Structure formats: structure tokens, C-alpha cells
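Okay, here's what each chain looks like letter by letter:
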Amino acid sequence: MDKKALRKEGLFCRNSLENRALLDRKIFEMLIELEEFSSASLILTYVSFSSEVDTLSIIDYCLSIGKRVAVPRCTDTKGNMDFYLIDSRSSLTEGMFGVFEPDTEKCEILTDFSDSVMLVPGIYFTKKGHRLGYGKGYYDRFIKNYSFISVGLCYNRLIINELPTDTYDENVDIIVTDKEIIRTDTEE
């Protein structure tokens, strides 16, 4: 199956999941127990929309315990984005593709990604860390250009054995689902 057909199938599956709030809570609980996450001082995270794994509770939690939080802003339609520090959800405004992004009037652009963990969205993931996103390449480009631990958030139902990959596709280091934590660097 090609990526376009897989995307359509995966989105249908994700949109059809029951008890998503409970699954989101399980992912949240697994994530905050993850050593790499708890020890990082900076969390780079997407702002969830539609049927994506919820990150709003993660953002609120991180801010409440004093972690720095940065969210992406798409700078063009060619797959480039910047991250901006936010101090609350009120720092967000609706941006490209209807996704909430940082208000650049209120937020500081981030250039130092040391001591950070990046939460990465996806439709499907494999246990080897391959992911199928929305096809624009924003996260692949960013992961390739910077050094941090990347953590895919995914409903367990959307972990599959194999995905078609291209040379520009970047793997994530860890995947957190509602059932398990998968360390992709230990996979064969």
C-alpha cells in the first residue's frame, strides 16, 4: 500500500477509536514516567488537533512543574518550521492547516535545543521508529537538522509492522503508546 492510501486508512482508524480520552490519559501517564522526559528541562511538542494524541494536558503539566515548553510554527508550505517558547496556552493562535501555533508577537523563537525531548506526531509508527505523518516533511526536516531525543506519541492500535519509507524519512528514538514504551534503538 502506498503512503497516501495508508494515511487515509490510518486517519479513518484513528478517528474511529473509542475511549480516546482514556487512551490519551494512559499515554500521558507513561510519558511522564519516562526518564528522558522527566529529566529534560525543555519539551518541544506539537499542539494536538483532531484525533491526534492529546498534547494539551502535557503542555499544561510541563508548564505547571516548571519545564520550558516550545511549540512549532510552520514558516512555509515547503516543510520548514521554527519552535517558540510559550508560557501558557493563551500564547497560541490558529495558524497554518488550522493547527494552533505560537503567537510570534508574544513568544520567543528558540535556537538552543539542548537538554530537550521532542514529542512527534504521526498517524502510524513501527516498532523500529518509522513513522507516517501527514506527508509535508516538517518533522523529518527538523529531526534531521537538530540533536535531541525524539518521542513519537501513538495509539497502540496504530503500531504496525512495516511502512514504506523514503531516504528523507527520519525515525523517532522512542514511542509511547497507551500500552507500552518502545525503545527503537534496541530494535534489530
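Conventions used here
- Residues numbered from 1 in each chain as written.
- Predicted model: local features only at pLDDT ≥ 70, side-chain atom pairs only at ≥ 80, totals over all residues.
- Heavy atoms only, no water.
- Axes fitted to C-alpha atoms, helices over the stretch in contact; angles between N-to-C directions.
- Helix = DSSP H or I, 4+ residues; strand = E, 2+ residues; numbered from the N terminus.
- Left-handed = near helix turned anticlockwise from the far one by under 90°.
- Contact = heavy atoms within 4.5 Å.
- Nonpolar A, V, L, I, M, F, W, Y, C, P; charged D, E, K, R; others polar.
- Buried < 20%, exposed > 50% of the residue type's maximum accessible area, 1.4 Å probe, protein only.
- Right-handed = clockwise from strand over helix to strand, strands pointing away.
- Salt bridge = Lys/Arg side-chain N within 4 Å of Asp/Glu carboxyl O.

Asker: Explain the packing of helix 2 (residues 20-33) against helix 4 (residues 56-64) to me, and be specific about the residues and the numbers.
Answerer: Between helix 2 and helix 4, whose axes approach to 10 Å, the crossing angle comes to 35 degrees. At the point where helix 2 passes helix 4, the crossing takes the right-handed sense. Contact residues: helix 2 offers F28, L31 and I32, while helix 4 offers S57, I58 and Y61. Broken down by class, the residue content of the contact of helix 2 with helix 4 amounts to five nonpolar, one polar and no charged.

Asker: Can you break down the pairing of strand 2 (residues 68-74) residue by residue, with the values?
Answerer: Counting buried positions over the seven residues of strand 2 gives five, a clear majority of the element. Handedness of the crossover joining strand 1 (residues 42-45) and strand 2 through helix 4: right-handed.

Asker: Can you explain the pattern of salt bridges? Please cite residues and give values.
Answerer: Following the criterion strictly, the structure yields seven salt bridges and no others. Residue K3 pairs with D169 through a salt bridge whose shortest N-O separation is 2.8 Å. One end of the pair, K3, is in helix 1 (residues 3-16); the other, D169, is in the loop between strand 10 (149-153) and strand 11 (174-176), and 166 residues separate them in sequence. For K3, a relative accessible area of 17% translates into the label buried. Linking E36 and R183 is a salt bridge whose minimum nitrogen-to-oxygen distance equals 2.6 Å.

Asker: Any chance you could break down helix 5 (residues 138-145) for me, citing the residues and the numbers?
Answerer: Turning to helix 5, its buried residues number three or more, namely Y138, Y139, D140, F142 and I143. Summarising the contacts, the buried residues of helix 5 are in contact with strand 2, strand 3 (81-86), strand 7 (116-120), strand 9 (131-132) and strand 10.

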